Amino acid sequence: MNWDETTDDTAAERLVAASADGEDQAVEAALRPKDLDEFIGQEKVREQLDLVLRAARARGATADHVLLSGAPGLGKTTLSMIIAAEMEAPIRITSGPAIQHAGDLAAVLSSLQEGEVLFLDEIHRMSRPAEEMLYMAMEDFRVDVIVGKGPGATAIPLELPPFTLVGATTRAGLLPPPLRDRFGFTAHMEFYEPAELQRVIHRSAGLLDVEIDPDGAAEIAGRSRGTPRIANRLLRRVRDYAQVKADGVITRDIAAAALAVYEVDARGLDRLDRAVLQALLKLFGGGPVGLSTLAVAVGEERETVEEVAEPFLVREGLLARTPRGRIGTPAAWAHLGLTPPRQATSGNGQGDLFGA
């Protein structure tokens, strides 16, 4: 079983999933900013990338290879398209899982035009033979194509036109150092602040011809987990509710009512997130409890809880992973409106083992 694909499928079913399905990708194409001036958020990345692209244009050269890392839904694909637009170059889009053999990569590279941007999503999932071929392509703009097998195999050098590789990854730590070192510019995408997400929502609402007031945008932004993709998805669902249940104008009350229907609470937690917290707090007194036991309690696979639900709960400070198991934090008790038992108030209950 390819676990990355399994978790992607599970996450795609959730309204607050950061991954994108076919519908999201189609809508995103219409909502994507076309240049750096339109791109909202990621101020440092924008400023640094603008310098890299301006300098390349001034030299009349292709831009340095770019590595973008960060959680899904923060704009890595959008930035790759902006890089191509700013350099007035075509863009070729592929992904790591699609490059399973060195020959797959050689076919893509050999068809590139001079100055073209190659966007390689999920670059950390590329096969090792293709990865090693990419080293030479990035540095020397050539690849060695192996013809034949065994002692009679021959390496034929293939010259490549200068191109710009834009790699995107959600797990930069999985990239080998030789590959990371060949990128001239590396940027990490941060989660968005609520004020930035409000600007994203207002811009998207204008493109979707949806009327929304500032309080309505703030309500959606507060539940969007710091991710523009989620903000745009929630906006579309709230738009549907406003058109059916109200006069089509999104206010704070309308947004709150709509997202209550879709079970997304004030902190952006959905049904799965709350089920994990409720099991942890109500059934196990706040923990510590093992991951497998917690997964059984909520009726989900162990990997689903670990990879789909836990990252956001940990980031929000609602759950902690410890050597003894998962524990609920005081913030988790407060969010669910529950009173922690006495041993839970010390964090993990260790003090009460000795009567403290």
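Definitions and cut-offs
- Residues numbered from 1 in each chain as written.
- Predicted model: local features only at pLDDT ≥ 70, side-chain atom pairs only at ≥ 80, totals over all residues.
- Heavy atoms only, no water.
- Helix = DSSP H or I, 4+ residues; strand = E, 2+ residues; numbered from the N terminus.
- Buried < 20%, exposed > 50% of the residue type's maximum accessible area, 1.4 Å probe, protein only.
- Contact = heavy atoms within 4.5 Å.
- Areas by Shrake-Rupley, 256 points an atom, 1.4 Å probe, with all protein chains shown as cover.
- Axes fitted to C-alpha atoms, helices over the stretch in contact; angles between N-to-C directions.
- Parallel < 35°, antiparallel > 145°, perpendicular 65-115°, else oblique.
- Left-handed = near helix turned anticlockwise from the far one by under 90°.
- Nonpolar A, V, L, I, M, F, W, Y, C, P; charged D, E, K, R; others polar.
- Phe/Tyr/Trp six-rings, centres within 6.5 Å; stacked < 30°, edge-to-face > 60°.
- Lys NZ or Arg CZ within 6 Å of the ring centre and 35° of its normal.

Colleague: Explain the overall build of the protein here, please?
Modeller: Scanning the protein for helices and strands turns up 15 helices and eleven strands. Across the 356 residues in the protein, those meeting the buried criterion constitute 46%. Considering only residue pairs separated by 6 or more positions, the protein has 69% of its internal contacts joining residues 24 or more positions apart. Carbon and sulfur atoms provide 51% of the accessible area of the protein, an area that totals close to 16,800 Å².

Colleague: What should I look at first to understand the packing of helix α8 (residues 194–207) against helix α10 (residues 228–245) in this one?
Modeller: The contact between α8 and α10 brings their axes to 10 Å, and the two run at 45°. Judged on the interaxial angle alone, α10 and α8 are oblique. α8 and α10 meet at a crossing whose hand is right-handed. Contacts between α8 and α10 involve Leu 197, Val 200, Ile 201, Ser 204 and Ala 205 on the former and, on the latter, Pro 228, Ala 231, Asn 232 and Leu 235. Looking at side-chain class alone, the contact of α8 with α10 contains seven nonpolar, two polar and no charged residues.

Colleague: I tried to follow the packing of aromatic side chains on my own but got confused; where do I start?
Modeller: The relative placement of two aromatic rings is captured by the distance of their centres and the angle of their planes. The final tally for this structure, using the stated rule, is one aromatic pair. Judged by centre distance (5.5 Å) and plane angle (80°), the rings of Phe 141 and Phe 163 are edge-to-face. Separated by 22 residues along the polypeptide, Phe 141 in the loop between α6 (128–140) and β4 (142–147) and Phe 163 in the loop between β5 (154–159) and β6 (164–169) bring together distant segments of the chain. In this structure Phe 141 comes out as partly exposed when scored by relative accessible area, which is 22%. Over the aromatic face of Phe 312 sits the side chain of Arg 225, whose NZ or CZ is 3.9 Å from the ring centroid. The ring of Phe 191 has Arg 315 lying over it, and the distance from NZ or CZ to the ring centre is 3.6 Å.

Colleague: What's the story with the environment of Leu 31 in this structure? I'm lost.
Modeller: Relative to the helices and strands, Leu 31 resides in helix α2 (residues 22–31). Classification of Leu 31 by relative accessible area gives buried; the value is 7%. For Leu 31 and Gly 206, which are 175 residues apart along the polypeptide, the C-alpha to C-alpha distance reads 9.8 Å. Setting aside anything within four residues of it in sequence, one finds Leu 31 in contact with Arg 203, Ser 204, Leu 207, Leu 208 and Asn 232.

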